[in-house]
Amino acid sequence: MKTKILLIGGNGQVGHALKSSLQELGELVVCTRAELDLGVVGRGADHLAHCPISALVSSVKPNIVVNAAAYTAVDRAETETELANSINVVAPGLLARAAHTVGACMVHYSTDYVYAGIKKTPHVETDETQPLSVYGRTKLEGERAVAEACPRHLIFRTSWVFGAHGGNFLKTMLKLAQERDELRVVSDQVGAPTTAALIAETTTQILGQMTGQPADDPRWGVYHLTAGGETNWHAYASYVIARARDAGWPIKVADHAISAIRTKDFPVAATRPMNSCLDTSKIRQAFGVSLPDWRVGVDEVLISLKQGR
Ligand SMILES: NC(=O)C1=CN([C@@H]2O[C@H](COP(=O)(O)OP(=O)(O)OC[C@H]3O[C@@H](n4cnc5c(N)ncnc54)[C@H](OP(=O)(O)O)[C@@H]3O)[C@@H](O)[C@H]2O)C=CC1
Ligand SMILES: Cc1cn([C@H]2C[C@H](O)[C@@H](COP(=O)(O)OP(=O)(O)O[C@H]3O[C@@H](C)C(=O)[C@@H](O)[C@H]3O)O2)c(=O)[nH]c1=O
Ligand SMILES: [Mg+2]
C-alpha cells in the first residue's frame, strides 16, 4: 500500500520545508489555513461529529499526519491566550485523535520554551518542564494532548527555527543591519538556531524508519531535534551579519556597534528561558541522524536568500 501523508501548516517555516522533503515518502496532501482555520476548529471542539479536522482526516485517510501549524507569536500569546490555546492545544489533540482513528501515526513539533531554562547544562527529554510563557505552556499542553490521543506519535522539540521562507530572527537581524547604525541584542540567553530544512529532512528520515511500526515500538515519543553547537542571540546575530557582509550584502552596522545586552535591558511581554540548549543524544542514538553545527545552517540560508533576491 502506498504511503499517504497529510501535512497541516504547509505555509510555515517548517511546513514549507516539509513540502519538499516529505514527497519522497509517498503521496503528499497539504493543508493550509485557507482550507482549515485551527483557531476556529479549536473553539468548536466539543462538536466532534461536525469537527472539520476529523472530517478532513477521515476523507484523506493518511498513514501519516504531520502537524507543522502553530501559534508562534511568543509575546502576542501573552494576551491572545485563547487563540494560542485553540491552535496549540485543542487542534493538535483533535488531529491526533483523528489520526489514531484512521490508523495513522502523527508527527508534532514543540519547543525549548517548555523548559524554565535554569539548568546549567543542556536539557534532556526527561527533565522537568516548566514553561515561563503562555506560548510555552500551550506547546507543552499540546504535546500532552497529542501523546494521549495517538500512541504512535513523534514529538520533536526544536529551537530558534529559521530559514529563507517565513519570518525569523536571522531575517530580522539582516534587515536591521542594513537599516541601522547600531543594534542591541541579548547575550545571556543560550540555544541552538536550527534550520527548517534540517527539521524537515530529519523528520522525513525518521518517518522512513517508523511509519509501519506498531504502537509498542519503544521509539515513539518525545525527542530533541536541534542543530549542533550552541550560541547566544548576540553571537548568532554577529555571526549572521559578519557572514552577510563577507558575501557582499549592503550591511550598514559596524561590528563594534552590535552591543551585547542583558535580558533585563530588552523588555518584552513573554519571559524566555535563559538556557534553551537541548541535548540531542536520544534522537541521534535512536535513529542515527546527524545534526550539523548551527553555523552550517546559517551559511546555507544566507546563500538561498542571496539567490532569491
Ligand atoms: N519558530 C520557531 O522559532 C520555533 C518553532 N517551533 C515549533 O515548530 C513548529 C513549526 O514552527 P514554524 O514553522 O517556525 O512556525 P511558523 O509561524 O513559521 O508557521 C506556523 C504555521 O501555522 C499556521 N497557522 C497559524 N495559525 C493558524 C490557524 N489559525 N489555522 C491554520 N493554520 C495556522 C500558519 O499559517 P499562515 O502561514 O497562514 O500564517 C503557518 O503556516 C511549531 O510547532 C512551533 O511551535 C519550535 C521551536 C522554535
Ligand atoms: C529583535 C531583537 C530581539 N532581541 C531578543 C529578544 C529575544 O530575547 C531574542 C529572540 O527574539 P525573537 O522574538 O526573535 O525570538 P522568539 O520569538 O522568542 O523565538 C522563539 O520563537 C518560538 C516560536 C520558539 O519556539 C523558540 O524556540 C524561539 O525561536 O532576541 C534583541 O535582543 N534585540 C533585537 O533587536
Ligand atoms: Mg518570534
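Look up a bit, the structure's there.
Summarised in this report is the structure supplied together with it. Chains are numbered independently. Their residues run from 1 in the order of the written sequence. Chain letters start at A and ligand numbers start at 1, both assigned in the order the entries are written. Only residues with pLDDT of 70 or above have their local features reported here, since the model is predicted, and side-chain atom pairs are shown and tallied only from 80 upward, although totals for entire chains, interfaces and linings are computed over all residues.

## What to know about the site of ligand 1
Being near a molecule or strand means, for a residue, that its C-beta atom, positioned from the backbone, comes within 6 Å of it. In the vicinity of ligand 1, 24 residues are found, and the nearest of them are G12, Q13, G39, A70 and V161. Secondary structure elements follow DSSP: runs of H or I no shorter than four residues count as helices, runs of E no shorter than two count as strands, and numbering proceeds from the N terminus. Within the residue set of the shell around ligand 1, elements represented by two or more residues are α1 (13–21), α2 (38–43) and β4 (105–111). Residue contributions to the shell around ligand 1 peak at three residues, all from α1.

## Focus on the site of ligand 2
By nearness alone, 18 residues border ligand 2, and T72, T111, F169, V185 and V186 come closest of all. Looking at the shell around ligand 2, the elements that each hand over two or more residues are α6 (169–179) and β7 (183–186). Residue contributions to the shell around ligand 2 peak at three residues, all from β7. A per-class count over the shell around ligand 2 returns 10 nonpolar, five polar and three charged. Polar here means any residue other than Ala, Val, Leu, Ile, Met, Phe, Trp, Tyr, Cys and Pro, which are nonpolar, and Asp, Glu, Lys and Arg, which are charged; Gly is therefore polar.

## Examining helix α8 (residues 233–246)
Taking 1.5 Å as the rise per residue, α8 with 14 residues should run 20 Å; its terminal C-alpha atoms sit 20 Å apart, in good agreement. With C-beta atoms placed from the backbone, a residue is labelled by how many other C-beta atoms lie within 10 Å of its own: buried for 20 or more, exposed for 12 or fewer, partly exposed between the two. Every buried residue of α8 is listed here: W233, Y236, A237, S238, V240, I241 and A244. For the purpose of contact definition, each residue receives a C-beta atom placed from its backbone, and two residues are in contact when these atoms lie within 7 Å. On its buried face, α8 sits against α6, β7, β11 (231–232), β12 (258–261) and α10 (294–307). Positive phi shows up at G248, right after α8, with a value of about 95°. Multiplying one less than the number of residues by 1.5 Å gives the expected span of a helix.

## Description of the packing of helix α3 (residues 52–60) against helix α4 (residues 81–101)
Remark: α3 packs on α4, axes separated minimally by 9 Å, with the N-to-C direction vectors making an angle of 35°. Viewed along their axes, α3 and α4 form a crossing whose handedness is right-handed. Of the residues in α4, those in contact with I53, S54, V57 and S58 of α3 are A91, L94, L95, A98 and A99. Every axis corresponds to a line fitted to the C-alpha atoms, with the helix fit spanning only the stretch in contact, and the corresponding angles, defined between N-to-C directions, vary from 0 to 180 degrees. Left-handed describes a crossing whose near helix is turned anticlockwise from the far helix by less than a right angle; the clockwise case is right-handed.

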